[in-house]
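Spelled out, the chains give:
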Amino acid sequence: MELQKALKQAESRLSIAGDKISMMQGKLEDLVFRAQRIGAALRAKTPVQDTMFGYDIQHFRREVRSFGQEILALPGVLGSLEREAVYVPGADKMAQSLMRLSGRVHKQVQGLHSAALLAHNHIRLPEHKMDAWYICQEIEEMTQKTQALPTLANKVVIKTAPPSDPATPAGPPAAAT
């Protein structure tokens, strides 16, 4: 029963992380559109109307940094689950759900990194470009940290899977000659 509670808790942490990544994706998309408008204004040599862009990108950078700390804890959570995992009836379904969520979180972080690179490319002002570069670096670090999540979750699935029946032979049947 303790394993099932730990699986539920890890699943909720991954689900919350996925929701936060989606929220950050939306904020980053807004920053990209605003950067495109600023870039168009600079090319047209008209005054830039968005005076809050610098503040918003710095605020987003702080959000990314604090969320990075949450992401850094996820491999440890799944690693401790993997070490403690044993077969418990019903835990295999929860472990499979955990594996799907961990794969989704990793893909979302990769998508966030792609969007951050796009934002960096669209930003024209040097002081904002530096902030965008730091955001890209921090999200790239998150991508590297989440890379192990699907593998760790797969190990949990393997350990929580029901034991195979000893009466049935392992592997494919031998071919008759």
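See the structure above.
Residues numbered from 1 in each chain as written. Predicted model: local features only at pLDDT ≥ 70, side-chain atom pairs only at ≥ 80, totals over all residues. Heavy atoms only, no water.

Undergrad: Can you walk me through the overall build of the chain in this structure?
TA: Helix and strand counts for the chain come out as 5 helices and 0 strands. Along its sequence from the N terminus, the chain presents helices and strands in the succession α-α-α-α-α. In terms of C-alpha radius of gyration, the chain reaches 22 Å, well past the compact-globule figure of 16 Å for 177 residues. The dimensions of the chain, computed from C-alpha atoms along their principal axes, are 80 × 45 × 20 Å. Each of the 177 residues in the chain was classed as buried or not, and the buried ones make up 40%. Put simply, of all contacts in the chain between residues at least 6 apart along the chain, 86% involve residues at least 24 apart. (Helix = DSSP H or I, 4+ residues; strand = E, 2+ residues; numbered from the N terminus. Rg over C-alpha atoms; globule rule 2.2 N^0.38 Å. Buried < 20%, exposed > 50% of the residue type's maximum accessible area, 1.4 Å probe, protein only. Contact = heavy atoms within 4.5 Å.)

Undergrad: Hey, could you run me through the packing of aromatic side chains in this one?
TA: Where two aromatic rings form a pair, the distance of their centres and the angle of their planes describe that pair. For the coordinates displayed, the defined rule picks out 1 aromatic pair. Pairing Trp133 with Tyr134 gives two aromatic rings, centres 5.2 Å apart and planes at 65 degrees, and the pair type is edge-to-face. The partly exposed category is assigned to Tyr134, whose relative accessible area is 32%. (Phe/Tyr/Trp six-rings, centres within 6.5 Å; stacked < 30°, edge-to-face > 60°.)

Undergrad: Just to check I follow, could you spell out the nonpolar core for this structure?
TA: Soluble globular proteins: nonpolar side chains tend toward being buried together. In this structure, Leu7, Leu28 and Leu81 are the most contacted members of the largest nonpolar core, which totals 45 residues. Residue assignment for this core shows that the elements contributing at least two residues are helix H1 (2-43), helix H2 (53-84), helix H3 (91-122), helix H4 (126-146) and helix H5 (149-160). Broken down by element, the residue count for this core peaks at 12 residues, all from H1. (Core = buried A, V, L, I, M, F, W, Y, C linked by side-chain atoms within 4.5 Å.)

Undergrad: Whenever I open this one, the environment of Ala6 confuses me. Can you help?
TA: Position of Ala6 relative to the elements: it lies in helix H1. The partly exposed category is assigned to Ala6, whose relative accessible area is 26%. The spacing of Ala6 and Ala85 is 79 residues in sequence and 9.7 Å in space, taken between C-alpha atoms.

Undergrad: Would you take a moment to explain the packing of H3 against H4 for this structure?
TA: Each pair of packed helices can be summarised by the angle the axes make with each other and by the distance between the axes. At a minimum axis separation of 9 Å, H3 and H4 run at an interaxial angle of 165 degrees. Looking at the two axes, H3 sits roughly antiparallel to H4. Between H3 and H4 lies a crossing of left-handed hand. Facing H3, whose interface residues are His106, Val109, Gln110, Leu112, His113, Ala116, Leu117, His120 and Asn121, H4 presents Lys129, Ala132, Trp133, Ile135, Cys136, Ile139, Glu140, Met142, Thr143 and Thr146. (Axes fitted to C-alpha atoms, helices over the stretch in contact; angles between N-to-C directions. Parallel < 35°, antiparallel > 145°, perpendicular 65-115°, else oblique. Left-handed = near helix turned anticlockwise from the far one by under 90°.)

Undergrad: Honestly, the pattern of salt bridges in this entry has me stumped. Any pointers?
TA: Note that side chains of opposite charge can pair when their charged atoms are close. Counted according to the given criterion, the structure contains 9 salt bridges. Measuring nitrogen to oxygen at the nearest pair gives 2.6 Å for the salt bridge that ties Arg34 to Asp50. Residue Arg34 is located in helix H1, and its partner Asp50 is located in the loop between H1 and H2; the two are separated by 16 residues in the primary sequence. Judged by relative accessible area, Arg34 falls into the buried class, the value being 11%. The class for Asp50 is partly exposed, based on a relative accessible area of 23%. One connected set of salt bridges, linked through shared partners, spans Asp30, Arg34, Asp50 and Asp56. (Salt bridge = Lys/Arg side-chain N within 4 Å of Asp/Glu carboxyl O.)

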